[in-house]
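# Observations on the model geometry
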Amino acid sequence: MNVIETSGLGKRYGRTWALKDAALAIPASYVVALVGPNGAGKTTLLHMSVGLTTPTTGRITVVGSETAGSPAALDQIAFVAQDAPLYKNLSTADMLHLTRNLNRRWDQQRAEARLKELNIPLDRKVGRLSGGQQAQLALTLALARRPRLLVLDEPLASLDPLARHDFMASLMAAVAEDGLSVVLSSHVIADLERVADYLIVLSRGQVQVAGEVEELMAVHSMLTGPAAAADDVTERLAVVHARRAGTVAHLLVRNGPDPAPPGWEASPVSLEELVLAYLREPGATALPGPRPRATQDSGIRA
């Protein structure tokens, strides 16, 4: 089952395309990192996934074959927006009560137990909670709905490093406990590298690369060698991004040769190097690789 599947998906605001011709098939049971610069189309994609906006072109389905935004889909999806919309003048207990009354699926016992474990008082006003506590409250409200898909739009943006670490640890514990699928948008690649097993890179409103992290890392490598020979290597290999520093060249390549060309040294790439390469070279296409489990129409693709 695919938790999000799109075909020719696009969203236009006036003359500007926020997202264009997006083709994705995201299988279930993954923690998906959605990465891209500001204005890349990340929030637009997430908003269409949860029914907050409608496509200009194409189609999108979620949690199997449900139409995004339909009652059947919304019952199975929880969404936490970047600004974690919480009523600052309400107490934590009041936020639980309000959210419970707005949703058909709700686990009060789990919500209260989670807040107790996090030492977040039920009688304290939301506005008096720390930024990390507010983020944890927003996550608790989402998890108490017992979703199959959890969508998080930049949940780490306003948190300090310790709060980010605690939030991600708490999220991964919930993933392990519930087996839910997660799509997480973030600029903090270092945080994503520890938890993500599926990657989507967006740039200029288009999907640059998508696939399992392990497989993407396996088909990309970094070649380091003499800058004078870089042009010759570039002509023969699929180079995603080239960087020269004096007499040395660094080439990030996909499906590179084994062994490396004479005079060149091959090394694995980090997730950050991979992401930055595709962001610096929008339009570079990734070659098909092993197909992710649970789908027959989604591999490593651009």
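Residues numbered from 1 in each chain as written. Predicted model: local features only at pLDDT ≥ 70, side-chain atom pairs only at ≥ 80, totals over all residues. Heavy atoms only, no water.

### Side note on the overall build of the protein
Selection criterion: Every helix listed is a DSSP run of H or I at least four residues long, and every strand listed is a run of E at least two residues long, numbered separately from the N terminus. Based on C-alpha atoms, the radius of gyration is set beside the globule rule, defined as 2.2 Å times the residue count to the power 0.38. The buried label goes to any residue with under 20% of its type's maximum accessible area, the exposed label to any with over 50%, and the partly exposed label to all in between, with areas taken from a 1.4 Å probe on protein chains only. The Shrake-Rupley method, run with a 1.4 Å probe sphere, supplies the accessible areas, and residue values consider only the shown protein chains as cover. Counted as positive: Lys and Arg. Counted as negative: Asp and Glu, with His and the chain ends omitted from the count. We put the charge of a Lys on NZ, of an Arg on CZ, of an Asp on CG and of a Glu on CD.
Across its full length, the protein holds 10 helices and 14 strands. In terms of C-alpha radius of gyration, the protein reaches 21 Å, essentially the compact-globule figure of 19 Å for 302 residues. Judged by the C-alpha coordinates and their principal axes, the protein covers about 65 × 40 × 35 Å. Within the span of the protein, comprising 302 residues, buried residues form 50% of the whole. Summed over its atoms, the accessible surface of the protein is roughly 14100 Å², and 49% of this surface lies on carbon and sulfur atoms. Charge separation in the protein, taken as the distance between the mean sites of 30 positive and 31 negative side-chain charges, equals 7 Å.

### A short note on the pairing of strand S1 (residues 2-13)
Remember that side chains alternate between the two faces of the sheet whenever the strand is regular. Stated formally: Any two strands with at least two DSSP bridges between them are considered paired.
Pairing geometry for S1 and strand S2 (residues 16-27), over eight bridges, is antiparallel. Paired with Thr 6 across the strands is Leu 24, a residue of S2. Here S1 hands over to S2 after two residues, with Gly 14 in that stretch at a positive phi of 65°. Across five bridges, S1 lies against strand S4 (residues 57-62) in antiparallel orientation.

### Brief notes about the sheet that holds strand S12 (residues 238-245)
Stated precisely, the cut-off is as follows: Every axis in this analysis is a line fitted to C-alpha atoms, fitted for helices over the stretch in contact. Angles between the N-to-C directions lie between 0 and 180 degrees.
Reading across the sheet, the four strands line up as S12-S13-S11-S14 and stay open at both edges, with antiparallel pairing between neighbours. Of all the strands in the sheet, just S12 and strand S14 (265-267) have a single pairing partner and so form its edges. Neighbouring strand axes in the sheet, compared pairwise and without regard to direction, differ in orientation by 25° on average. Across three bridges, strand S11 (residues 220-226) lies against S14 in antiparallel orientation. Counted as the bridge partner of Leu 223 is Ala 266 from S14.

### A short note on the sheet that holds strand S10 (residues 206-212)
Rules: Throughout, a contact is declared for two residues whenever any of their heavy atoms are within 4.5 Å.
Sheet architecture is open: six strands sit in the order S6-S7-S8-S3-S9-S10, paired in mixed fashion. What marks the edges here is a single partner per strand, and that holds for strand S6 (77-80) and S10. Here the strands of the sheet are splayed against their neighbours by 15° on average, with no regard to which way each runs. Sheet topology places strand S3 (residues 31-35) next to strand S9 (residues 198-203); four bridges connect them, and they run parallel. Across the sheet, Ala 33 pairs through a bridge with Leu 199, a residue of S9. Contacting S3, S6, strand S7 (149-153), strand S8 (181-185) and S9, helix H1 (residues 42-49) runs over the sheet at an angle of about 150° to S7.

### What to know about the packing of aromatic side chains
Where two aromatic rings form a pair, the distance of their centres and the angle of their planes describe that pair. Using the following cut-off: Stacked, edge-to-face and tilted labels apply to pairs of Phe, Tyr and Trp rings (six-membered ring for Trp) whose centres lie within 6.5 Å, assigned for plane angles under 30 degrees, over 60, and everything in between, in that order.
The full count for this structure, using the stated rule, is one aromatic pair. Aromatic pair Tyr 30 and Tyr 198: ring centres 5.3 Å apart, planes at 75°, arrangement edge-to-face. Taken together, the residues span a long stretch of sequence, with Tyr 30 in the loop between S2 and S3 and Tyr 198 in strand S9 at a distance of 168 residues. Just as Tyr 30 is buried, Tyr 198 falls in that class too.

### Some words on H1
Within H1, six of the eight residues are buried, leaving the element largely enclosed by the surrounding structure. Burial in H1 covers these residues: Lys 42, Thr 44, Leu 45, Leu 46, Met 48 and Ser 49.

### Considering the nonpolar core
Using the following cut-off: The nonpolar core is taken to be a set of buried Ala, Val, Leu, Ile, Met, Phe, Trp, Tyr and Cys residues, with the residues joined through side-chain atoms within 4.5 Å.
Residues Leu 150, Leu 152, Phe 167, Leu 171, Val 182 and Leu 199 are the most contacted members of the largest nonpolar core, which totals 42 residues. With six residues, the top contributor of residues to this core is helix H6 (residues 161-178). In this view, Phe 167 contacts Ala 135, Gln 136, Leu 139, Leu 152, Pro 155, Leu 156 and Leu 159; residues no more than four positions away in its chain are not counted. In this structure, Ala 28, Ile 77, Val 151 and Val 207 belong to the second largest nonpolar core, which totals 30 residues.

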